[in-house]
Amino acid sequence: MILVLITALGVGGATVIGALIGFIFKKMSHKFSDLVLSFAAGVMLAAAVIGLVIPSVEMGGKYAIITTVIGIFVGALALNLIDKLVPHLHRMVGAELESHENTNLNKVLLFVTAIAIHNLPEGIAAGVGFGSDNTSQAFIIAGGIALQNIPEGMVIIAPMIAAGVSPGRTFLCAMATGLVEVVGTFIGYYAVTISSAILPFALAFAGGTMLYVVSDEMIPETHAHGGQRGATYALLAGFCVMLIGDVLLG
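Values in this document were obtained by computation on a predicted structure and should not be read as measured data.

Asker: Describe the packing of aromatic side chains, and please don't skip the residues or the numbers.
Answerer: Counted according to the given criterion, the structure contains 4 aromatic pairs. Centroid distance F186 to Y190: 6.4 Å. Interplanar angle 20°. Geometry classified as stacked. Taken together, the positions of F186 and Y190, both in helix α8 (residues 167-194) and 4 residues apart, correspond to about one turn of that helix. Owing to a relative accessible area of 19%, F186 belongs among the buried residues under this scheme. Centroid distance Y189 to Y190: 5.4 Å. Interplanar angle 70°. Geometry classified as edge-to-face. Judged by relative accessible area, which is 17%, Y189 ranks as buried. A relative accessible area of 39% means that Y190 is categorised as partly exposed. What links up through ring pairs into an aromatic cluster is the set F186, Y189 and Y190.

Asker: So what's going on with the nonpolar core? Which residues, and what values?
Answerer: M44, L52, V128, I145, M210 and M218 are the most contacted members of the largest nonpolar core, which has 32 residues in total. Contributing elements (two or more residues each) for this core: α2 (30-58), α3 (64-85), α6 (105-131), α7 (135-162), α9 (199-222) and α10 (228-249). Broken down by element, this core gets its largest block of residues, 10 residues, from α2. Look past the residues within four positions of L52 in its chain and what remains in contact with it is A47, A125, I141, L203, A206, G207 and M210. Residues A8, A138, F186 and Y189 belong to the second largest nonpolar core, which totals 7 residues.

Asker: Could you give an account of α7, with specific residues and numbers?
Answerer: Counted at 1.5 Å a residue, the expected span for α7 with its 28 residues is 40 Å, and the 42 Å between its end C-alpha atoms agrees. The element α7 is largely enclosed, with a buried count of 21 among its 28 residues. Phi turns positive one or two residues past the end of α7, at G164, with a value near 100°.

Asker: Describe the environment of S38, naming the residues involved and giving the relevant values.
Answerer: Here S38 lies in helix α2. Accessibility expressed as a relative area gives 2% for S38, which makes it buried. With 199 residues separating them in the primary sequence, S38 and A237 have C-alpha atoms 9.0 Å apart. In this structure S38 touches T222, A231, A234 and L235, once residues within four positions along its chain are discounted.

Asker: Describe α10, with residues and values.
Answerer: Between the first and last C-alpha of α10 there are 31 Å, a value that for 22 residues agrees with the 32 Å anticipated at 1.5 Å per step. Among all positions of α10, only A231, A234, L235, G238, M242 and D246 are buried. Buried residues along α10 cover an arc of 115° about the axis, so they all sit on one side. Seen from the buried face of α10, the exposed residues on the opposite side, beyond 90 degrees, are R229, Y233, I244, V247 and L248.

Asker: Break down the packing of α7 against α8 for me, with residues and values.
Answerer: Running from N to C, α7 and α8 point in directions that differ by 150°, and their axes come no closer than 9 Å. By the criterion of interaxial angle, the relationship of α7 to α8 is roughly antiparallel. Pair α7 / α8 crosses with right-handed handedness. Here I145, N149, I156, I157, M160 and I161 of α7 come into contact with α8, specifically with T170, C173, A174, T177 and E181. Its residues assigned to classes, the contact of α7 with α8 shows 7 nonpolar, 3 polar and 1 charged.

Cut-offs applied
Residues numbered from 1 in each chain as written. Predicted model: local features only at pLDDT ≥ 70, side-chain atom pairs only at ≥ 80, totals over all residues. Heavy atoms only, no water. Phe/Tyr/Trp six-rings, centres within 6.5 Å; stacked < 30°, edge-to-face > 60°. Helix = DSSP H or I, 4+ residues; strand = E, 2+ residues; numbered from the N terminus. Buried < 20%, exposed > 50% of the residue type's maximum accessible area, 1.4 Å probe, protein only. Core = buried A, V, L, I, M, F, W, Y, C linked by side-chain atoms within 4.5 Å. Contact = heavy atoms within 4.5 Å. Expected span 1.5 Å × (residues − 1). Arc of directions from axis to C-beta. Axes fitted to C-alpha atoms, helices over the stretch in contact; angles between N-to-C directions. Parallel < 35°, antiparallel > 145°, perpendicular 65-115°, else oblique. Left-handed = near helix turned anticlockwise from the far one by under 90°. Nonpolar A, V, L, I, M, F, W, Y, C, P; charged D, E, K, R; others polar.

The following block contains the structure:
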């Protein structure tokens with residue numbers, strides 16, 4: 001339980017770390033931010049496959065693959081539904097937010113709200129990982145999500161300050177998006193510990209949400225500014241780092 005608490009705070013705190021970086025580097029280049037986000041995408045991709053999807057197949061019983069496939073698609077569809085209600089990163093970080101001039105406060109707050117809502121299923125994925133009692137894989141999942149939260153925390157800062165929000169309130173908003181992830185971590189953990197029967201499906205569901213985020217949001221965003229080649233290699237580097245980490249921790 002203590003490990004779950006520490007991990008939840010770490011995953012949520014990664015957004016705060018990103019926000020602090022955003023305060024320091026308000027005019028970060030697209031090339032650099034795309035490399036960071038691509039590396040995080042590779043980490044999340046590896047975490048989803050190694051830490052969630054494969055374990056779901058291995059512990060799913062006779063109809064394991066069916067359970068896993070259904071869980072992946074249900075997880076992706078859940079985030080797809082959320083996307084229809086609240087558009088996320090690659091739809092919100094456009095010219096309107098990046099110009100930083102005459103930024104509409106309502107649009108910025110919608111952007112921050114979108115990040116917070118999307119953080120809930122990501123936190124659930126981290127909690128589900130601990131429900132499997134495989135600590136090394138749980139840390140891989142949490143590490144991947146935490147790395148992805150850093151660039152998200154970074155992109156919150158400049159638009160909010162440009163919209164006239166005070167630095168203090170901007171930082172509190174960043175903390176709130178991270179707190180949502182902490183809550184999600186405990187939801188995922190308790191859901192699978194209450195009923196171990198749902199664990200294979202829960203693992204696949206969490207994996208589906210992470211795969212959706214990587215494919216639908218992170219990769220398009222990192223390939224939208226002319227740095228596709230560097231972003232691709234950064235993704236591969238992130239994937240390999242997590243692969244090596246899995247072997248060393250396994």
